[in-house]
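Structural overview
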Amino acid sequence: MEMDYNLMDLSTNTEAEDSSEFKDIEGTDVKDMRLEAEAVVNDVLFAVSNMFVSKSLSCAEDVAYINVETRERNRYCLELTEAGLRVVGYAFDQVDENVQNPYHETVYSLLDSVSPAYREAFGNALLQRLEALKNDGQS
């Protein structure tokens, strides 16, 4: 089952919307992929063993790299571009030009495809959040 939604969408936290991460010199909208990568990490860190933006691989306006270790202890290097996210290596800070994996529109979809434990953790967190909302509505 592919999950293309964000658990945090259920909350009222809109800090990301207020940031100025989409500006460039000419005034047109350009995403800074490093900031985008940090947001990706913050969204799903609760459901993986380890995840961080690579400090070894250079980030630019159009590309960033994220290292992730799933709860199954599998390590991946992810590439984040306007096309989406894809696995580019099977170790931290590793980009293997021979790896040809498809792009995923969201980090949720990518992790759902490589980590059953992520899927379970996400589902459990969603249930807990819904239960909390239900309890808040009854008080």
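See the structure shown above.
Residues numbered from 1 in each chain as written. Predicted model: local features only at pLDDT ≥ 70, side-chain atom pairs only at ≥ 80, totals over all residues. Heavy atoms only, no water.

**Some words on the sheet that holds strand β2 (residues 64–69)**
The four strands are arranged β1-β2-β3-β4 in an open sheet whose pairing can be described as antiparallel. The outermost strands of the open sheet, each flanked by one partner alone, are β1 (50–53) and β4 (84–89). Each adjacent strand pair in this sheet contributes to an overall mean axis angle of 25 degrees, direction not counted. Across six bridges, β2 lies against strand β3 (residues 75–81) in antiparallel orientation. The residue bridging Ala64 from the neighbouring strand is Leu80, located in β3. Set on the sheet, helix α1 (residues 33–44) makes contact with β1, β2 and β3; between it and β1 the angle comes to about 165 degrees. (Pairing = 2+ DSSP bridges. Helix = DSSP H or I, 4+ residues; strand = E, 2+ residues; numbered from the N terminus. Axes fitted to C-alpha atoms, helices over the stretch in contact; angles between N-to-C directions. Contact = heavy atoms within 4.5 Å.)

**Concerning the packing of helix α2 (residues 107–114) against helix α3 (residues 116–138)**
Packing of α2 against α3 brings their axes to within 5 Å, and their N-to-C directions diverge by 125 degrees. Taken together, the axes of α2 and α3 lie oblique to each other. Seen from α2, the contacting residues are Tyr108, Leu111, Asp112 and Val114; seen from α3, they are Pro116, Tyr118, Arg119 and Phe122. Among the residues making up the contact of α2 with α3, the classes are represented as six nonpolar, no polar and two charged. (Parallel < 35°, antiparallel > 145°, perpendicular 65-115°, else oblique. Nonpolar A, V, L, I, M, F, W, Y, C, P; charged D, E, K, R; others polar.)

**Notes on the pattern of salt bridges**
Inspection of every chain in the model, using the stated rule, returns four salt bridges. The partner of Glu69 in a salt bridge is Arg73, and the shortest N-O contact between them spans 3.6 Å. Taking the relative accessible area as the measure of exposure, Arg73 reaches 56% and is therefore exposed. One salt bridge in this structure joins Arg75 and Glu69, with 3.6 Å as the shortest N-O distance. Through salt bridges with shared partners, a single ionic network connects Glu69, Arg73 and Arg75. (Salt bridge = Lys/Arg side-chain N within 4 Å of Asp/Glu carboxyl O. Buried < 20%, exposed > 50% of the residue type's maximum accessible area, 1.4 Å probe, protein only.)

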